[in-house]
Amino acid sequence: MTKEGIVETPYRFLGEVMDGEGARFSTRILGDLEGIFADADALAKMDKDTVAYKVASIEPVPQGTPGGLYMGITYLSPGKVGAEYFMTKGHFHSNRDTAEYYWCLKGEGMLILMDEERNVWAERMHPGTLHYIPGCVAHRVANVGGDTLVFAASWPSDAGHDYASIASEGFAKRLLEVNGEPKLV
Ligand code: S6P
Ligand code: ZN
């Protein structure tokens, strides 16, 4: 689309809200996260319709376009399945060597990272923390606090999402609450 002169700003990113032209919104309920938590019995006893997280994203160019950038905000609910904190599904990028930024706006979380050799590490998230996720590193976020965790992200439009390898192999470590503290186990 050709533009000329002073035009209306198409997107807004204010506080914890991202919105504008063509913004996309998606919701993951606990029922969508079967198989990612260790304690299947605990999950079976919970309400499948409980909202685990919501994502709002601005995708100005079609998915797969080289050279474009996306922005998103994730709102991850507090809670646990057994001893495991509510978390995002987690993914590698399909285009493996594409990187991403995450930054925390609200709440307390842990960014769990895993390289292709399955080494796992985690970075604490709290308002103001900025996280560079290098290419070839799978990423997932757990909410370790009592309130909604809100974080923003920016990633390349040709990154793509590979959920399948995480769905089948998982991460090599899990973030569990042990004696009231988050621990990678
Ligand atoms: C996209 C970016 C985030 C996640 C969101 C949900 O590359 O990493 O917007 O999509 O946090 O996580 P997931 O693992 O379910 O996509
Ligand atoms: Zn990503």
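Residues numbered from 1 in each chain as written. Chains lettered and ligands numbered in written order. Predicted model: local features only at pLDDT ≥ 70, side-chain atom pairs only at ≥ 80, totals over all residues. Heavy atoms only, no water.

## Side note on the overall build of the protein chain
Inference 1: Helices and strands together make up the secondary structure of the protein chain, namely 2 helices and 15 strands.
Inference 2: In terms of its C-alpha atoms, the protein chain occupies a principal-axis envelope of roughly 60 × 35 × 30 Å.
Inference 3: Evaluated residue by residue, the protein chain yields a buried proportion of 40% over its 185 residues.
Inference 4: Sequence separation of 24 or more characterises 69% of the internal contacts of the protein chain that already satisfy a separation of 6 or more.
Inference 5: Approximately 9800 Å² of the protein chain is accessible, and the part contributed by carbon and sulfur atoms is 51%.
Inference 6: Separation of charge centres in the protein chain, based on 17 positive and 26 negative side chains, amounts to 4 Å. (Helix = DSSP H or I, 4+ residues; strand = E, 2+ residues; numbered from the N terminus. Buried < 20%, exposed > 50% of the residue type's maximum accessible area, 1.4 Å probe, protein only. Contact = heavy atoms within 4.5 Å. Areas by Shrake-Rupley, 256 points an atom, 1.4 Å probe, with all protein chains shown as cover. Lys, Arg positive; Asp, Glu negative; His and termini not counted. Charge placed at Lys NZ, Arg CZ, Asp CG, Glu CD.)

## Description of the coordination of the zinc ion (ligand 2)
Inference 1: The protein atoms donating to the zinc ion (ligand 2) are His91 (NE2), His93 (NE2), Glu100 (OE) and His139 (NE2), with metal-donor distances spanning 2.1 to 2.2 Å.
Inference 2: Coordination at the zinc ion (ligand 2) comes from 6 donor atoms whose angles at the metal span 60 to 166°, giving a geometry best classed as irregular.
Inference 3: One chain supplies every donor for the zinc ion (ligand 2), spaced along it as H-x1-H-x6-E-x38-H. With His91 in the loop between strand 7 (84–85) and strand 8 (100–106) and His139 in strand 12 (residues 137–143), this pair connects stretches of sequence that are 48 residues apart.
Inference 4: Look at His91 and you get buried, because its relative accessible area is 8%.
Inference 5: Judged by relative accessible area, His139 falls into the buried class, the value being 2%. (Donors = N, O, S within 2.8 Å, 3.2 Å for Na, K, Ca; no water. Tetrahedral: all angles 85-135°; square planar, octahedral: opposite > 155°, others 65-115°.)

## Observations regarding the pairing of strand 2 (residues 17–20)
Regular strands place side chains that alternate from one sheet face to the opposite one.
Inference 1: Only one face of strand 2 is covered, namely the one carrying Met18 and Gly20; the face carrying Val17 and Asp19 has none of its residues buried.
Inference 2: Bridge count between strand 1 (residues 11–14) and strand 2: 4 bridges; the pairing is antiparallel. Bridging across to strand 2, Tyr11 finds its partner in Gly20.
Inference 3: Counting the residues in the hairpin turn of strand 1 and strand 2 gives 2 residues, including Gly15, whose phi is positive at 60°. (Pairing = 2+ DSSP bridges.)

## Some remarks on the packing of aromatic side chains
Inference 1: For the structure shown, the criterion picks out 4 aromatic pairs.
Inference 2: On the numbers, 5.8 Å between centres and 90° between planes, the contact of Tyr70 with Trp155 is edge-to-face. On the criterion of sequence distance, the pair formed by Tyr70 in strand 5 (residues 69–76) and Trp155 in strand 13 (residues 149–156) is long-range, its members being 85 residues apart.
Inference 3: One residue, Arg96, lies across the ring of Phe92, its end atom 4.3 Å from the ring centre. (Phe/Tyr/Trp six-rings, centres within 6.5 Å; stacked < 30°, edge-to-face > 60°. Lys NZ or Arg CZ within 6 Å of the ring centre and 35° of its normal.)

## Points about the pattern of salt bridges
Inference 1: For the coordinates displayed, the defined rule picks out 6 salt bridges.
Inference 2: We note a salt bridge from Arg96 to Asp162, for which the minimum N-O separation is 3.1 Å. Note that Arg96 is positioned in the loop between strand 7 and strand 8 and Asp162 in the loop between strand 13 and helix 2 (164–169), a separation of 66 residues in sequence.
Inference 3: Accessibility expressed as a relative area gives 16% for Asp162, which makes it buried.
Inference 4: The network of salt bridges with shared partners includes Arg96, Glu116 and Asp162. (Salt bridge = Lys/Arg side-chain N within 4 Å of Asp/Glu carboxyl O.)

## A word on the sheet that holds strand 3 (residues 24–29)
Inference 1: Within the open sheet, the 6 strands sit side by side as 3-4-5-13-8-11. Their pairing is antiparallel. Two strands close off the open sheet at either side, each with one partner strand: strand 3 and strand 11 (130–133). The sheet shows a mean angle of 20° between the axes of neighbouring strands, taken without regard to direction.
Inference 2: Across 6 bridges, the pairing between strand 4 (residues 51–58) and strand 5 is antiparallel. What sits directly across from Val55, in strand 5, is Thr74. (Axes fitted to C-alpha atoms, helices over the stretch in contact; angles between N-to-C directions.)

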